[in-house]
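# Survey of secondary and tertiary structure
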4 protein chains.
Amino acid sequence: MTERRPSAEAGALYYWDYLGLDALLSAQQPRSDLDGEPAHDELLFIVVHQAYELWFKQILHELDEVVAIFSADVVPAKEMGRVVDRLRRVVAIQRLLLEQLTVLETMTPLDFLDFRDALVPASGFQSVQFRLIENRLGLDAARRLQIHGAPYTAVLSAEHAALLADSEAAPSLRTCVDRWLSRTPYLRFGTFDFWSSYAGSVEAMLDGERATVRQLASLTDAGRAEQLEALDRTADEFATLFDAERYEELRSRGQRHLSQDAFLAALLLSLYRDEPLFQLPFRLLTALVEIDEGFTTWRQRHALMVHRMIGGRTGTGGTSGHAYLAAAARRHRVFGDLFDLPTFLLPRSALPALPDAVAHQLRFASEAG
Amino acid sequence: MTERRPSAEAGALYYWDYLGLDALLSAQQPRSDLDGEPAHDELLFIVVHQAYELWFKQILHELDEVVAIFSADVVPAKEMGRVVDRLRRVVAIQRLLLEQLTVLETMTPLDFLDFRDALVPASGFQSVQFRLIENRLGLDAARRLQIHGAPYTAVLSAEHAALLADSEAAPSLRTCVDRWLSRTPYLRFGTFDFWSSYAGSVEAMLDGERATVRQLASLTDAGRAEQLEALDRTADEFATLFDAERYEELRSRGQRHLSQDAFLAALLLSLYRDEPLFQLPFRLLTALVEIDEGFTTWRQRHALMVHRMIGGRTGTGGTSGHAYLAAAARRHRVFGDLFDLPTFLLPRSALPALPDAVAHQLRFASEAG
Amino acid sequence: MTERRPSAEAGALYYWDYLGLDALLSAQQPRSDLDGEPAHDELLFIVVHQAYELWFKQILHELDEVVAIFSADVVPAKEMGRVVDRLRRVVAIQRLLLEQLTVLETMTPLDFLDFRDALVPASGFQSVQFRLIENRLGLDAARRLQIHGAPYTAVLSAEHAALLADSEAAPSLRTCVDRWLSRTPYLRFGTFDFWSSYAGSVEAMLDGERATVRQLASLTDAGRAEQLEALDRTADEFATLFDAERYEELRSRGQRHLSQDAFLAALLLSLYRDEPLFQLPFRLLTALVEIDEGFTTWRQRHALMVHRMIGGRTGTGGTSGHAYLAAAARRHRVFGDLFDLPTFLLPRSALPALPDAVAHQLRFASEAG
Amino acid sequence: MTERRPSAEAGALYYWDYLGLDALLSAQQPRSDLDGEPAHDELLFIVVHQAYELWFKQILHELDEVVAIFSADVVPAKEMGRVVDRLRRVVAIQRLLLEQLTVLETMTPLDFLDFRDALVPASGFQSVQFRLIENRLGLDAARRLQIHGAPYTAVLSAEHAALLADSEAAPSLRTCVDRWLSRTPYLRFGTFDFWSSYAGSVEAMLDGERATVRQLASLTDAGRAEQLEALDRTADEFATLFDAERYEELRSRGQRHLSQDAFLAALLLSLYRDEPLFQLPFRLLTALVEIDEGFTTWRQRHALMVHRMIGGRTGTGGTSGHAYLAAAARRHRVFGDLFDLPTFLLPRSALPALPDAVAHQLRFASEAG
């Protein structure tokens, strides 16, 4: 019999050992004590948070590789598929993160009360890995919400706080992507002045929209005035694209995060995304948008979950609970610039054609002819 | 051959006809014109919105039945299972509504530009059925965000505006559930004064929490002061439960929607939810929480989707786009009271036991002995 | 500073420690070696399997409690809500299990090749906890597929094989539910002969269907004959319900798992599920159906995933890979009886009314009047 | 007031009209009659099937474009991004199709009985659009399961049957992709004999695996023999790749669908997927795998749903219900070849390097240097 049992063999790998299940499955140590037994649902609480931490580790693994690839001076086209795949995997994992909230919500508020006091002052605010993810993505330390008037690391051990300080100083996905975007040679097309051609198309487009609003019988005078003002604001926003000073002003107010060149490059990629060389980079931008959306949604759902679980009470970490989380969902976005990008898109029909010399560079050797 | 063809038979029901597919599948009429062809993605845009409207009709169908059942003077226990099932079906449909956003997001901003102008001024703000759902759930007209300083019906046809005015006046899920909760005979237990027993337990619990905070060495002085203040606020919130005047004041400020009696009944159901008679009613409350959470999440995701699709631009309906939607996600909640409820829960161990006479009434005839 | 750091405090609970993250996050030990580095995707492979094992532990925790409650001689109505909630939580977790496959499928076959050989002979067939779940649910040892002509425990360590032998001998959800169903006092209603009334309705219903088929002009002669034969088979199936000998014969052939009394009780609960006393038990049956469906779907998706990952190759555990998994999806179902149950349902309009004395017993004391 | 109402304006587009909601929302015509009212759940049944048909129309729209692009003699690299996006949208829609089953399953078997008889003989087998999807994907008419010994069109109207006959004759995604793959110029690399280099690597790999199996102490003699035989079968499978006669034999037995050249091209793309020119084509293959997996899963879940809804009874269309659907899930797969492909993959480390002249052709003009 025994010869069929791999684990009994010297050296044969056994599923249980490979996955470290001795350690993994004994790491659930409930703290509550109801007449000698832990509260039934504390295990769920532990398991769901452990599953989060496992997935956070995986997300960091993916982000690390992407940051490493983008930290090089040149990112070869051969790597782009891999980069996009890593980021799309993060998006796939985010679906799990959301679904896990649904599982946690099978616990009722009354069940949570059975062990909630045993957890004070431990709190999800102490998830070091989630903070690492935020830093690796490129969340500006300056944008972070404070907790009780203290920085987010104040609730952490000295060792963990140091880890996070290091990660704040390390290159992030945002800074790497910014540099990569900024150095695209296609931003300035030699003699072809793309951006003034673009600006002309913008002006024509806005004039057309103004004419439409003026004619629209369905609008009240106030509505019409409001929409015309909105178009003026839009025109003004376009103007900021090319005015380095005004762009930096927006940036200093936290309304832009990317550098001006990077923002323009992202716009260019979006407009000419069908060019072979831009197809994967455009998918990269899309993946960044989805990652930002995924974490924002997760924070929003998390805030709702905390609200339904503890009402208006203070969280176990002493924070203001759901209100903090809802605020973080608004403030802790990293790639908000890419959400603003569509403001500046033009319909394909209004796009200037690329000069042949440029178009040629964006094709495959086999097609470039 | 033909005898095998049901449709060729007089009177035999044919799948295509049963589902009205002639009408359904010819109702996609794109408006855009790119060199004689509609923009490829306009069909997706139409189909996803039509699918929304189909599901909205189904949600209204479920809500209508639940409101009808709860409009009776007595809701027999025999109906409770059905009511809960109807509401849980709404929760299941909400997962679809969210997933449909993910499908719509396979359209890129540039693709949307190909037909966006052709839609002005039509807009999702004109979804009559979604407004009906909000009213049927019980969204207070007074809480609604205005659009351009005008009421939400201003963008609708006269006929549709009238429909919505009617629906505002009709009984809603919130008002029906409120009345049903308010008249529970178990709110006042004859000679047993449940609520003063409860209030005593609350006081003891808060005293315990205060003592913990005072001892917690991990807190700064400022943090300690903040948490003690939070506990004082909690104590004060408990006080509002039993003070009709203060409760009404909260209500007039929009911080409570349910009547005081209904709120207390919901609290009672949550605390003693294992009593057989309360098991389905507790599931009803949970379903209401999930419906509220579902629509809130959908509005939040919708706001993000609009942001990534049109950036900071004005929506096709002339509204401020994603900012409006994000604000509506905060304001248009109907069952927020039930999210606040956990503030007032007590651990089971601190709960007063129900007197036998009461407990007996909550059991089955076959068990009541 | 340090006073803000809970972890620095003697005794203050720290999130990291509470969740055992030192152990948890060091349990990922890749085996592959590509030029000194593990293959990038091996971490994903480990994490996804570890997440499975965490959730398997949680599922066992829920099943254990349900089996414990149902092992009592009487299951009080007060417990039924809890039982249903535990099982619905399992259903919620199953959605995660499926979604995790989608995450694993972000790994490509070529990426898997980078570390696949390092895992031989470890294999998912060695997941002890999944086997425990199967046994706890009540999978008959006799129905199990063999692996290489050896029992499923042959690939396990002696300790784990012993654990599974114990679990085969322990009460399962199926056996407990069977006993609970069998002893329902409502199976035999004193003088009211429910089942002969039911049998009469069945006969009338089948006669009606036969008449329809005979008239249906849309059928070919062969189709008509086929459908009439199908109705005869249905009539014959109904007959097996009340014939203890034939019922046992079905059971011995593996076409029924529940005892005859349990099957009839499940049918009764389904037919009169709106009676207050039956509302939660009916939800229990529904949850069992969904759990069975969830694991079947998971096995089917798992088989597809293995197929796309390794093609027709042999699995790391030496088994035939996806073909085994697809076969297990068909054979390892536990509550298939409940899927067959609808065969025997009658439309509500054809249902005999319950005698008053019976109906009274199914109501609440407060309503029983 | 009216000037704010777009719909009241001549010509102003109104959301309701744009979406054809008059037609769409009056297309739900229940057939059942329970005391003058339709059965409550018949609306759900209609709506869910109508939502399916809307999404089927969208899927056909996407497939049509992809087939059109691939029907050209040359597929420019510029189109590949779009093609992949269209197919990934189909994958996103398939998640909806699955989720809609979950919504339909909120209907219980007893509720279905309330209107099931009113639907006979209409049936999902009459979904013309689903059959069109199968044909557009490339399901071989010869592989189709028959219904009652008659072809699948026998249950359709003459007009619909003709439509399907046309679609069988039209180019399908499978046939177009096959031609596109077959004509890749990289299959035969001039003087570089890729395939014999590949065959050498295969032989070395299999020899290594044989050695491992021979040494593995954990195997029984029988297990070892079984695995060695499996490796022999694998070697034999590799042999079929290059032997046109044996490959065609596999094809005539239905074990391969793609032509030999197309299969080899798909293998090449998978092995060298990181080459810039292959990145999107590899994503195309992956999308085809996911579409096949999505429909297979949907059919399997559909079969389970039918089983739990009607048990072993005959479906409304007179077919054998869930058994048919489960069989179709096995037989109606279109891109099974791509699931088998991993059988023939080699680890990257064993891959022959591409000659410079070839590699150059696979790069971008800007990188090709």
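Rules used in this analysis
Residues numbered from 1 in each chain as written. Chains lettered and ligands numbered in written order. Predicted model: local features only at pLDDT ≥ 70, side-chain atom pairs only at ≥ 80, totals over all residues. UniProt positions renumbered as here; feature names shortened; annotations may be inferred. Helix = DSSP H or I, 4+ residues; strand = E, 2+ residues; numbered from the N terminus. Buried ≥ 20, exposed ≤ 12 C-beta atoms within 10 Å, placed from the backbone. Contact = placed C-beta atoms within 7 Å. Least-squares fit on C-alpha atoms with pLDDT ≥ 70 in both. Axes fitted to C-alpha atoms, helices over the stretch in contact; angles between N-to-C directions. Parallel < 35°, antiparallel > 145°, perpendicular 65-115°, else oblique. Left-handed = near helix turned anticlockwise from the far one by under 90°. Nonpolar A, V, L, I, M, F, W, Y, C, P; charged D, E, K, R; others polar. pLDDT = per-residue confidence, 0-100.

Within an unreviewed UniProt entry, the label attached to chain A reads Tryptophan 2,3-dioxygenase, and the organism entered is Beutenbergia cavernae. In its Subunit (unreviewed entry) section, UniProt records this for chain A: "Homotetramer." Per UniProt, chain A has the following entry under Function (unreviewed entry): "Heme-dependent dioxygenase that catalyzes the oxidative cleavage of the L-tryptophan (L-Trp) pyrrole ring and converts L-tryptophan to N-formyl-L-kynurenine. Catalyzes the oxidative cleavage of the indole moiety."

## As for the overall build of chain A
A count of helical and extended segments in chain A gives 17 helices and zero strands. When each of the 369 residues of chain A is scored for burial, the buried share is 49%. Taking all contacts inside chain A whose residues are at least 6 apart in sequence as the whole, residues at least 24 apart take part in 75%.

## Quick look at the relation of the copies chain B and chain A
For the pair chain B and chain A, the superposition axis carries a translation of 0.0 Å, the fit reaches an RMSD of 0.1 Å, and the rotation angle comes to 180 degrees. Read as a symmetry element, the transformation amounts to a two-fold axis.

## So, the packing of helix H3 (residues 42-70) of chain C against helix H8 (residues 173-182) of chain C
All names here are of chain C. Across the interface, H3 lies against H8 with an axial gap of 9 Å and an inter-helix angle of 30 degrees. The angle between H3 and H8 places the two elements in the roughly parallel class. Considering the relative orientation of H3 and H8, their crossing is left-handed. Seen from H3, the contacting residues are Leu63, Val66, Val67 and Phe70; seen from H8, they are Leu173, Cys176, Val177 and Trp180. Per-class residue counts for the contact of H3 with H8 are eight nonpolar, no polar and no charged.

## With respect to the UniProt feature "binding site: heme" (unreviewed entry) in chain A
Residues and elements named next belong to chain A. UniProt records the feature "binding site: heme" (unreviewed entry) at His302, using the numbering of this structure. Residue placement: His302 occurs in helix H13 (residues 276-310). His302 has contacts with Leu101 and Leu325, leaving out every residue within four places of it along the chain.

## Describing the relation of the copies chain A and chain C
Expressed as a screw operation, the relation of chain A to chain C combines 0.0 Å of axial shift with a rotation of 180 degrees, fitting to an RMSD of 0.0 Å. In this assembly, 100% of the residues forming the interface of chain A have copies in chain C that are likewise at the interface, indicating an isologous arrangement.

## Quick word on the interface of chain B and chain A
Each partner contributes to the interface: chain B provides 43 residues, whereas chain A provides 43 residues. Sorting the residues of the side of chain B that touches chain A by element identifies helix H5 (109-116), helix H10 (221-242), helix H13 (276-310) and helix H15 (336-340) of chain B as the ones contributing at least two each. Here the side of chain B that touches chain A gets eleven residues from one element, more than from any other, and that element is H13(B).

## Brief notes about the UniProt feature "binding site: substrate" (unreviewed entry) in chain A
Residues and elements named next belong to chain A. If you check UniProt for "binding site: substrate" (unreviewed entry), the listed places come out as Phe45, Ile46, Val47, Val48, His49, Arg116 and Thr316 in our numbering. Here Phe45 shows up in helix H3 (residues 42-70). The exposure class assigned to Phe45 is buried, which follows from the 22 C-beta atoms found within 10 Å. Residue class for Arg116 comes out buried when judged on the 20 C-beta atoms lying within 10 Å of it.

## Comments concerning unusual backbone geometry
The backbone phi angle of A:Asp35 is positive, close to 50 degrees, even though this residue is not glycine. With respect to the helices, strands and loops of the structure, A:Asp35 is situated in the loop between helix H2 (21-24) and H3.

## Here's the deal with the environment of B:Glu99
You can see B:Glu99 is positioned in helix H4 (residues 77-104). For B:Glu99, the contacting residues outside a window of four places in its chain are D:Arg95, D:Leu96 and D:Glu99.

## Considering the packing of helix H9 (residues 194-215) of chain C against helix H10 (residues 221-242) of chain C
Residues and elements named next belong to chain C. Here H9 crosses H10 at 175 degrees, and the two axes come no closer than 10 Å. It follows from the interaxial angle that H9 and H10 lie roughly antiparallel. For the pair H9 and H10, contact is made by Trp195, Ala199, Val202, Leu206, Glu209, Arg210 and Val213 and by Arg224, Gln227, Leu228, Leu231, Thr234, Ala235, Phe238 and Phe242, respectively. Along the lines of polarity and charge, the residues of the contact of H9 with H10 split into ten nonpolar, two polar and three charged.

## Description of the interface of chain A and chain C
Opposite the 61 residues of chain A that make contact, chain C presents 61 residues. Secondary structure elements with two or more residues in the side of chain A that touches chain C: helix H1 (15-18), H2, H3 and helix H4 (77-104) of chain A. The biggest single contributor to the side of chain A that touches chain C is H3(A), with 14 residues. Across the side of chain A that touches chain C, the residue classes tally to 34 nonpolar, 16 polar and eleven charged.

## Thoughts on the confidence of the model for chain A
Residue and element names in this part refer to chain A. Averaged over all residues, the pLDDT of chain A is 89; the fraction at 70 or higher stands at 93%. Of all secondary-structure elements in chain A, the lowest mean pLDDT belongs to helix H17 (residues 365-368), at 78, while H3 reaches the highest, 98. Taken as a whole, residues 1-8 scores under 50 in pLDDT and shows 21 contacts with residues more than four places along the chain or in a different chain. Reported confidence for the predicted complex is 0.93 by ipTM and 0.95 by pTM.

## What to know about the environment of D:Ala12
Relative to the helices and strands, D:Ala12 resides in the segment before helix H1 (15-18). Separated by 242 residues in the primary sequence, D:Ala12 and D:Gly254 place their C-alpha atoms 56 Å from one another.

## Quick word on the environment of C:Ser366
With respect to the secondary-structure elements, C:Ser366 resides in helix H17 (residues 365-368). On a C-alpha basis, the gap between C:Ser366 and C:Ala211 in space is 47 Å, while along the polypeptide they are 155 residues apart. When residues no more than four places from it in sequence are discounted, the contact partners of C:Ser366 are B:Leu277 and B:Gln361.

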